[in-house]
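Report on the structure
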Amino acid sequence: MNCEMLTEQTPSSDPENVLEVNGAEVTGEKENHCDDKTCVPSTSAEDVSENVPIAEDTTEQRKKDRITYSQIIKEGRRFNIDLVSKLLYSRGLLIDLLIKSNVSRYAEFKNITRILAFREGRVEQVPCSRADVFNSKQLTMVEKRMLMKFLTFCMEYEKYPDEYKGYEDITFYEYLKLKINPNLQYIVLHSIAMTSETASSTIDGLKATRNFLHCLGRYGNTPFLFPLYGQGELPQCFCRMCAVFGGIYCLRHSVQCLVVDKESRKCKAIIDQFGQRIISEHFLVEDSYFSENMCSRVQYRQISRAVLITDRSVLQTDSDQQISILTVPAEEPGTFAVRVIELCSSTMTCMKGTCKHSGVGKFKHECDHKPFDTKNEQVEKPRILWALYFNMRDSSDISRSCYKDLPSNVYVCSGPDCGLGNDNAVKQAETLFQEICPSEDFCPPPPNPEDIVLDGDGLQPEASESSTIPEANSETFKESTNLGNLEESSE
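These remarks concern the structure in this document. Just so you know, these numbers come straight off a predicted model, no measurement behind them. (Residues numbered from 1 in each chain as written. Predicted model: local features only at pLDDT ≥ 70, side-chain atom pairs only at ≥ 80, totals over all residues. Heavy atoms only, no water.)

**Overview of the packing of aromatic side chains**
Convention followed: Note on ring pairs: Phe, Tyr and Trp rings are taken, using the six-membered ring of Trp, and paired if centres are within 6.5 Å. Classes follow the plane angle, with under 30 degrees stacked, over 60 edge-to-face and the rest tilted. Starting at the N terminus, helices and strands are each numbered in turn, a helix being any DSSP run of H or I of at least four residues and a strand any DSSP run of E of at least two. A 1.4 Å probe rolled over the protein chains alone gives each residue an accessible area, and that area as a share of the maximum for its type sets the label: buried under 20%, exposed over 50%, partly exposed in between. Geometrically, a lysine NZ or arginine CZ counts as sitting over a ring once it is within 6 Å of the ring centre and also within 35 degrees of the ring normal.
Applying the stated rule across the entire model yields eight aromatic pairs. Each ring, one from Phe212 and one from Phe224, has its centre 6.1 Å from the other, and the planes form 70 degrees; the classification is edge-to-face. Remark: Phe224 occurs in strand 5 (residues 224-227) and Phe212 occurs in helix 8 (residues 202-215); sequence separation between them is 12 residues. Grouping residues by exposure puts Phe212 and Phe224 together as buried. Each member of the aromatic cluster is reached from another via a ring pair, and the members are Tyr89, Phe212 and Phe224. Above the plane of the ring of Tyr186 lies Arg119, whose end atom (NZ or CZ) is 4.8 Å from the centre. Above the face of the Tyr411 ring, Arg400 is positioned so that its terminal group lies 5.9 Å from the ring centre.

Following this line, the structure appears as structure tokens:
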């Protein structure tokens, strides 16, 4: 595997805080199967665009190179499809947790290379860093200065309360109208703060903008990272670390019911689909395991999601290895924007010659968003080769008291929310951990290999000071110092 390491701009004095970012295309065989029952075939390979290229040989070559529905089914193992559409903020809580716990040794990441916006019927790249702003041809010199002045204010807005005092009760969109012109309002609202006209207050919008700017430059020109092989790799990374220190996993054992003691009203065990009884003191579950009676008072919201596989990017460039995030604003007031993450084959989530788009939005009604439309008829549009549309219930804001007769030793974790980052999941995990183990540190750094005392080494003098830990692969720990030199910048 040929990996290029991208160093952070500001080096740190702490060599232990490392996170590997893969900046080159890699290959691998760890992929999931694509379910053809949910596949929606596109038009046949013989159907060609109305835009006929000038050269006939180019047309014929494009016909031969086109990816078809049958090809992606045949190469199904080359696709990893996440049901959750999320990215990692480079200074978010999850990145900090991966570095602190040294779980980052089990994962590799790629930078998001572009931030896109859908505007006036076309997709365009949005400048976000200082260099991008001054190199942009979309903005006039006056707009560049105005944007940089406003973004500089957002970085330290708490120091200038007079600038937003009195505007706390209005939306961020209304506040932007007072500060910058319509062109810049669109960029800041949809591609930097990543909110909509009615979704955020002034303070929330300023916080979101500051968070975006704060994450710029740590590992690249955008604030986001994406794990190779998809978001599903992250829980596997934590599972690997847990297994090294004795964690036990019962795979393919679905929960059929909870066994509750009548006197103490505590859960004593669970029964799996094989009738096997598994006993524990604490149970941490997602509420889909509960009975309908226990969830009868819960009111869920729905998150509309979609996964699309296309034959090209929504915005073609010289490189076909772009990783992008695209925001499609709401078509009508009161509806929600659609956020699309476009992944290329170098993320190990799709086969070469295709792009995978993962979209998310919360809708009141069915909406027909068409992020691939463009007014420029000379640009060939991406063809959808495979599509999946589904709803997921959002339980992120549901209180524990909403569940009926919930045993005191059963802890409920919500499913994924509609946010772009993972901060909510990390906060919830730490809160639940402190409730169960109040005297323990949450995801502490693993010990050094030389500090681990194995079974049978009790005669060593260090045995009295160290706990006994199951045998681990010491080679794994040694490799952690060679995972790249992405050191945290000094704050």
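**Topic: empty space enclosed by the protein**
Put simply, the test is: Only protein atoms enter the calculation, which uses a 1 Å grid: trapped sets of points that fit a 1.4 Å probe without letting it out are cavities, open sets showing protein on both sides within 12 Å along at least five of seven lines are pockets, and any residue with an atom within 4 Å of a point is a lining residue. Grid points are joined across faces, edges and corners, and a volume is the space filled by probe spheres set on the points. In this classification, Asp, Glu, Lys and Arg are treated as charged, Ala, Val, Leu, Ile, Met, Phe, Trp, Tyr, Cys and Pro as nonpolar, and every other residue, Gly included, as polar.
For the structure on display, the rule yields two cavities of 30 Å³ or more. Of the pockets and cavities examined, the largest cavity occupies roughly 50 Å³. Along its surface, the largest cavity is lined by Asp82, Val84, Ser85, Lys86, Phe226, Gln231, Ile341, Leu343, Lys356 and Ser358. Listed by contribution, the elements that provide at least two residues to the lining of the largest cavity are strand 12 (338-343) and strand 13 (355-361). Roughly 40 Å³ of volume is contained in the second largest cavity. Residue lining of the second largest cavity: Leu88, Tyr89, Gly92, Leu93, Leu94, Ile95, Gly421, Asn422 and Asp423, and that is the complete set. Every element with two or more residues in the lining of the second largest cavity is listed here: strand 1 (88-89) and helix 3 (93-101). Here the lining of the second largest cavity takes three residues from helix 3, the largest share from any one element. Grouping the constituent residues of the lining of the second largest cavity by class yields five nonpolar, three polar and one charged.

**Some details on the packing of helix 3 against helix 9 (residues 233-244)**
Using the following cut-off: With axes taken as lines fitted to C-alpha atoms, and helix axes fitted only over the stretch in contact, angles between N-to-C directions fall between 0 and 180 degrees. Orientation is classified from the angle alone, with under 35 degrees giving roughly parallel, over 145 giving roughly antiparallel, 65 to 115 giving roughly perpendicular, and any other angle giving oblique. A clockwise turn of the near helix away from the far one marks a right-handed crossing, whereas an anticlockwise turn of less than a right angle marks a left-handed crossing. Throughout, a contact is declared for two residues whenever any of their heavy atoms are within 4.5 Å.
One can describe the packing of helix 3 onto helix 9 by two numbers: an axis separation of 12 Å at closest approach and a directional angle of 25 degrees. Judged by the angle between their axes, helix 3 and helix 9 are roughly parallel. Pair helix 3 / helix 9 crosses with left-handed handedness. Residues Leu94, Leu97, Leu98 and Ser101 of helix 3 form the contact with helix 9, whose participating residues are Leu234, Phe238 and Met241.

**Some remarks on the sheet that holds strand 5**
The pairing of strands in a sheet comes from backbone hydrogen bonds and takes either a parallel or an antiparallel form. Rules: We call two strands paired when DSSP finds no fewer than two bridges between them.
Strand order across the open sheet formed by three strands is 1-5-2, with antiparallel pairing between neighbours. The sheet terminates laterally at strand 1 and strand 2 (109-111), the two strands that pair on one side only. Both strand 2 and strand 5 contribute to a ladder of three bridges, which runs antiparallel. Residue pairing in the sheet places Lys110 in a bridge with Phe226 of strand 5.

**With respect to the pairing of strand 7 (residues 267-272)**
Counting buried positions along strand 7 yields five of six residues, so the element is predominantly enclosed. Judged from the five bridges that link them, strand 6 (residues 255-260) and strand 7 form a sheet pairing that is antiparallel. In the strand pairing of strand 7, Val260 is matched with Cys267. The antiparallel hairpin formed by strand 6 and strand 7 contains six residues in its connecting segment, where Arg265 sits at a positive phi of about 60 degrees. Note that strand 7 and strand 8 (residues 277-279) share three bridges and pair antiparallel. When the sheet's bridge partners are listed, Ile270 is paired in strand 8 with Ile278.

**Some details on the layout of surface pockets**
Of the pockets and cavities examined, the second largest pocket occupies roughly 1,200 Å³. Around the second largest pocket, the lining comprises 35 residues; the ones closest to its centre are Met194, Arg339, Cys418, Gly419 and Leu420. Contributions of two or more residues to the lining of the second largest pocket are made by helix 8, strand 12, strand 13 and helix 10 (423-436). Ranked by residue count, the leading element in the lining of the second largest pocket is helix 8, at six residues.

**Some points on helix 8**
Using the following cut-off: Helix span is expected to be 1.5 Å times the residue number reduced by one.
Taking 1.5 Å per residue, 14 residues should reach 20 Å; helix 8 reaches 20 Å between its end C-alpha atoms and fits that length. Looking at helix 8, one finds that the buried residues are Thr202, Ile203, Gly205, Leu206, Thr209, Phe212, Leu213 and Cys215. The inward-facing, buried residues of helix 8 abut strand 1, strand 3 (114-119), helix 5 (141-155), helix 6 (172-179), helix 7 (182-192) and strand 5. Two residues or fewer past helix 8, Gly217 is found with a positive phi of approximately 85 degrees.

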